[in-house]
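Residue-level listing of the chains:
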Protein chains: 2
Amino acid sequence: MQLKVQPIDVKVGKYKVILNTIDAKELGVHEGDRVRIKNHVTLTAIVDFTEDMISPGMIGLYHEVKEALSKEWTETVEVFPAEKPKSTYIIRKTMDGQKLTKEEIDILVKDIVEENLAEIEIAAFLTATYINDMTDDETEWLTRAMIDSGDKLEFDTHPIMDKHSIGGVPGNKISLLIVPIVAANGLLIPKTSSRAITGAGGTADLMEILAPVEFDAAEIKRMTEEVGGVLVWGGATNIAPADDKLIKVEYPLSIDPHCQMLASIMAKKGAIGADHVVMDIPTGPGTKIKNVQEGRKLARDLINLGDRLGMDVDCALTYGASPVGRTIGPALEVIEALKVLESFEGPNSLIEKSASLAGMLLEMGNVAGKDKGYDLAIETLKNGKALTKFKEIIKIQGGNPDVTHKDISVGEFTEDIIAPNNGYILEMDNKRLVQIARLAGAPNDKGAGILLHRKQGEPLKEGDPVMTIYAEKKSKLENAVKSAKERPPFIVEGMMLERIQSFKEI
Amino acid sequence: MQLKVQPIDVKVGKYKVILNTIDAKELGVHEGDRVRIKNHVTLTAIVDFTEDMISPGMIGLYHEVKEALSKEWTETVEVFPAEKPKSTYIIRKTMDGQKLTKEEIDILVKDIVEENLAEIEIAAFLTATYINDMTDDETEWLTRAMIDSGDKLEFDTHPIMDKHSIGGVPGNKISLLIVPIVAANGLLIPKTSSRAITGAGGTADLMEILAPVEFDAAEIKRMTEEVGGVLVWGGATNIAPADDKLIKVEYPLSIDPHCQMLASIMAKKGAIGADHVVMDIPTGPGTKIKNVQEGRKLARDLINLGDRLGMDVDCALTYGASPVGRTIGPALEVIEALKVLESFEGPNSLIEKSASLAGMLLEMGNVAGKDKGYDLAIETLKNGKALTKFKEIIKIQGGNPDVTHKDISVGEFTEDIIAPNNGYILEMDNKRLVQIARLAGAPNDKGAGILLHRKQGEPLKEGDPVMTIYAEKKSKLENAVKSAKERPPFIVEGMMLERIQSFKEI
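Computed from a predicted model, the values in this text were never measured in an experiment.

A.B. asks: Would you take a moment to explain the relation of the copies chain A and chain B for this structure?
C.D. replies: Think of it as a corkscrew move, a rotation about one axis and a shift along it, taking one chain copy to the other. Rotating chain A by 179° about the axis while translating it 0.0 Å along that axis superimposes it on chain B, leaving an RMSD of 0.1 Å. On this basis, the relationship between the two copies can be described by a two-fold rotation axis. Nearest to the rotation axis, the C-alpha of isoleucine 120 of chain A is located 2.4 Å from it, this being the minimum over chain A. Taken together, the interface assignments show that 100% of the residues at the interface of chain A recur at the interface of chain B, consistent with an identical surface on both copies.

Okay, here's the thing in C-alpha cells:
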C-alpha cells in the first residue's frame, strides 16, 4: 500500500508507525502487528491505530522511524504487512514453560537491544521468566548473549578485578574505598556502577560529585590502564545494553526475575573482562535478600554462573539490616568516604566492610597472602596510598584531585529528629530511611540526605538528636521532616523490651 | 511542582504525560511511575520521559489527559508523584502465584476498564494467569466483575437464549441461521458477535452486508423485544468492556489464558441476561481445540462457570477439521446462508450444524420436546419461517428486508485453483484457507473469499477446479493465487495412500 509520510515528532523508544483504521483494515493489520516499509528491508515497525489523528492515505512515523528513514527520505512509502519477529515465538515458548536453545536466546537478546520488541512482549518475557525461571544453561546463554550485545573491554594485562553489591542497603558507599585500595596495590579494577533508581544514591551518583562519570568503553579501558581503576556510570556505556532495556520494563512491574538478576550482574562483569569478582550480598530485613539461606543460594548461583563463564567469583554475605556508615545521600556519603581516606576517621561498619571486601580482592589477585588481604587493605587506607590512588582516579576522570571532604557542600536546610524517650535504638528501618532521604531530595539534590547520630544498639537520652536531615530546598526538608515525625524510621526502647510475668500458682 | 501545560495531540489510549528528564528527577519519578495533577483528584497519569521533546518546566499532556482536563483548563498545573494503583500490587500477587480475593478482582477490572493500567502491567497480568491459571472462584469473580464493568441488558420476558462459537473453523456462518430459527419459534435471542481479528469473517462482518450492526445496549434490548432477535457487533456496545481492553494486549502476545477465555465468553452472556446458552466447540486440527479431550474439558469448565452464574449451558463438540459449508469470506458466506433460508438449498455440513445447535436451544427454551429440537429447526428452515424472521431482523437493524442472495455482490476478480492429479481431497488446511482468503482481501473487502468446489473425502479429476478465489482487487487476487499455488491448502491423493510391501523370506 502506497502511503504519504507524516512525521510525528514524538519519541516512543521503538520503531512505531500509526495508521488510519481504514488503511490498517485494508492492509489486514491490527494494533501490535508489524509493517515493513519497502526498500528498508531492516526496518519493521509496530503499528498503532487512529481514527482521526492520521488521515486515510497517510502513515504517521514516530521519531525513531523518521530518523531511521531520514537518509532516504521520500514523500510516499510503500507499506506491507510484516511477519512478527521470531522473538515473539521464542517468548511464547518461555510462557509455555519450554526451554530455549542458545540460538533462540541470541535472537531474543538481539531483538531486545535493537528495539524490535514491543514493551508488552518484553513484559511477557520477564513475567514468564519470573514465574518459570531459567535453567543454568539458559541463564549462561542469556548472560553470554548480553555480553555479546554490546561493547567489551579487552585488556592486555590481567587479572582484571571487579566488585558488585546487590542493592538494598542504604549508605553503601564502599566502592569509593574498595576501588582505590585495590588499584593502589597494582591490580586493575574498571568499576562501572549504577545510579540510584529507588535508592538514595548509587555509586555513580556519589562519584559524580568528584568527577565526571560518563565515558565509553574505550575511555574506561584507557583510564584503567593508566591509573589502575575508575569509578564510572555503567549507563553511559554500551556495555551489556540489553540489561538497560530489560530494567526499563522490570522497574514499573517491580520485578527482578532471578535468572535476569544473575545474568544482568554477570554480563556487566563479563563484558569488562573481569577475572576475579567479589559479590557483596547485604542480608537482612529491608534488603533484597531477606535471610542467610536466601543469601547463600544467591551466592551459589553467582559462583556457579561465574564458573561457567570462566570467572572466579567470591561472595560475602554482609550485614544489611542497618545502613553502612552514618550517612545516606550523595554528598554526605562522599564526605564520609573521603574522611576515611584522608585520616582513617570514620564508622567501623564502613571501614570494616570496605577493607574486608577489598581484602578478598587483594587475595584473589595474589597481591596479599591467604588471610592477609584485610590487613593489607587497612594498611593501604592508613598509609595514604588509597587516598593518593583515589586522587589519580578523580584526576583522570576530569575532576579536581585536590578536593578534600571540606570542599563538599551539603544542603543548607537541616533539621534534627530527636529521641522521644531514653533508651536504645532497637531498630532502624532501611526502607523508611531511604524514603525520607528521597523526600529530602536525594539522589537528585546531591546535598540532600541523612546523617545518623545514633545507630542500632546505641544508647541515647530523650531529646538527643537521632539524625539530621539535610535538604537543598526548604519545602523538601519540610516534607522529609513531616514524614520522619509521622512514621519515625527507628524505634527507641528501654533495655527491657517487655515484661513477662512468671507463672504463679493458683 | 508547578509546570506549564503543553498539549500533545497524540492518542495513546491511556492517561499519560511526558516530562523532561530534569523535572522528572526533581520530582523523583521514573518512567512508568504515576503523577497526580492537583485539583484533579481522580486523574493520575503514567509518566514518559524525554530529554528534548518537552522543555524543562513543561508537562506534555497526551490527548486523553488533555481531554480529561479540558473542562478546567489552566495554563499551568501542579504535579505530584502519585502512588501506583492498588492493581499493580494485585497483579504482582498473581505473578507470585497467590490467589486473589473478590474485592481485589473488582479493583483490578475497574482499573483495566478505566485505563489506569499501563499495557505492560496488563501484559504481566495476562502472562501470569496464562501460566498460573485461576481457581474456579477467581474465574467466577472475574466474570462477575467483567459483567458489572459495563452495560447490562435486563429483559422483562424470559428465557433469554444465546449461542457462542469458540473460534478457529472457517466459514462458520451458522449464527445467520440459528438466530432466526430460534426467534421464529418465539424465543428471545439478542446475539452479539465479533468481527474477525485473525479470521476471514466474523458474524458481525457477515451481517454488516445486510444491515447496520452497531447499536448500544438499549437499542439491542428494544429490537430484541420487538422481533425476537438481533445480530449485532458486540464491539460497538459497552457490554463487558474489560474484555476488549484485555484482547488488545492478548492479541499481540498471541495468548488467550484459559480463565480469561472462560470469563470473556461468559461475561458477554451474563451481561445480556442469558438464561440458556449453547456453546459450539469446533474440535480438530487447525482449530483452537485440538482434540475431543480438550473439548470436553472446556465444555465442563463452561458448564461449571455457567452454573455458578445461574446460567444453563449446553455444549456441542463439533467437527472442526474442515470449513463449515463451502464458502469463506463475508459476501460468499452470506449468499450461502441466504440460499439455505430461501430454498433450503446448501451444504449438509452447514444445515446440519445450524439445525443441531438451534435445536438444542429450542429444547432448552421449552418450545421443542426432548430430542425434537433438530426436527423443529429443520421445519422452521423449510417452511420459510426462519427466512421471514431473518427479514424482520434485517429490517429492524435498518437493512433492506427484500434482499435475496442474488443481490449480494462478490469480488469481480476470480481464479480457479485446480487439482494437480486424479484422486480424493485427503486433507483441507483451515489455517491456510483463512490465510488465502485474507490475502484475497477478506474480511475487509467483503466480496473477497473462497468458494470450495470439493471438500474433504470428495473425488476429483486432474484439472477439476478445487476452489475459486474471489477478490475485489486484482493485485490481491494475484497474491492469494500465488500463495495458494505455492502451498496448496489441500492434498489430493489416490485412494491408496502408500504402498507397503509384504515381507519376503530371504
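Here the narrative resumes.
A.B. asks: Please clarify how the layout of surface pockets should be interpreted in this entry.
C.D. replies: Empty space among the atoms becomes visible once a probe the size of a water molecule is rolled across them. Residues and elements named next belong to chain B. Counted as a void, the second largest pocket has a volume near 290 Å³. Taken together, 15 residues line the second largest pocket, and the ones lying closest to its centre are Tyr319, Asn348, Ser349, Glu352 and Lys353. Every element with two or more residues in the lining of the second largest pocket is listed here: strand 11 (312-319) and helix 14 (348-364). Take the lining of the second largest pocket: its biggest share by element is 6 residues, from helix 14. Here the lining of the second largest pocket is built from residues that sort into 6 nonpolar, 5 polar and 4 charged.

A.B. asks: Any chance you could explain the sheet that holds strand 17 (residues 465-471) of chain B here in plain terms?
C.D. replies: By way of backbone hydrogen bonds, the strands of a sheet pair with one another, either parallel or antiparallel. All names here are of chain B. Strand order in this open sheet of 4 strands is 12-15-17-13, and the pairing throughout is antiparallel. Where the open sheet ends on each side, the last strands, each with one partner, are strand 12 (327-328) and strand 13 (413-418). Relative to strand 17, strand 15 (residues 449-452) runs antiparallel, the two sharing 4 bridges. Note on strand 17: the bridge partner recorded for leucine 451 is threonine 468. Across the sheet, helix 18 (residues 474-486) is in contact with strand 13 and strand 17; its angle to strand 13 comes to roughly 10°.

A.B. asks: How do you make sense of the packing of helix 3 (residues 86-95) of chain B against helix 5 (residues 119-132) of chain B when you look at a structure like this?
C.D. replies: To characterise two packed helices, one gives the angle between the axes of the helices and the distance between these axes. All names here are of chain B. Helix 5 packs onto helix 3 with a crossing angle of 25° between their chain directions and a minimal axis gap of 8 Å. Our classification of the angle between helix 3 and helix 5 gives roughly parallel. You can see that helix 3 and helix 5 cross each other, and the crossing is left-handed. On helix 5, the residues touching Thr88, Ile91, Thr94 and Met95 of helix 3 are Glu121, Ala124, Phe125, Ala128 and Asn132. Tallied by class, residues from the contact of helix 3 with helix 5 come to 5 nonpolar, 3 polar and 1 charged.

A.B. asks: It is not clear to me how the interface of chain A and chain B should be interpreted in this structure. Could you clarify?
C.D. replies: In many reports, interface size means the accessible area that the parts give up when they come together. Opposite the 42 residues of chain A that make contact, chain B presents 42 residues. In this assembly, chain A packs against chain B so that about 3,800 Å² is buried in total across both faces, 53% of it on carbon and sulfur atoms. On the chain A side of the contact with chain B, Glu26, Met95 and Ile120 of chain A bury the most area, a combined 16% of that side's loss. For the pair chain A and chain B, the number of links is 6 salt bridges. Taken together, the links from chain A to chain B amount to 21 residue pairs in polar contact (both at pLDDT 80 or more).

Definitions and cut-offs
- Residues numbered from 1 in each chain as written.
- Chains lettered and ligands numbered in written order.
- Predicted model: local features only at pLDDT ≥ 70, side-chain atom pairs only at ≥ 80, totals over all residues.
- Heavy atoms only, no water.
- Least-squares fit on C-alpha atoms with pLDDT ≥ 70 in both.
- Contact = heavy atoms within 4.5 Å.
- 1 Å grid on protein atoms, 1.4 Å probe; cavity = no way out; pocket = protein on both sides within 12 Å on 5 of 7 lines; lining within 4 Å.
- Points joined across faces, edges and corners; volume = space filled by probe spheres on them.
- Helix = DSSP H or I, 4+ residues; strand = E, 2+ residues; numbered from the N terminus.
- Nonpolar A, V, L, I, M, F, W, Y, C, P; charged D, E, K, R; others polar.
- Pairing = 2+ DSSP bridges.
- Axes fitted to C-alpha atoms, helices over the stretch in contact; angles between N-to-C directions.
- Parallel < 35°, antiparallel > 145°, perpendicular 65-115°, else oblique.
- Left-handed = near helix turned anticlockwise from the far one by under 90°.
- Buried area = accessible area lost by both parts, 1.4 Å probe.
- Salt bridge = Lys/Arg side-chain N within 4 Å of Asp/Glu carboxyl O.
- Polar contact = N/O pair within 3.5 Å; in protein donor to acceptor, adjacent residues only side chain to side chain.

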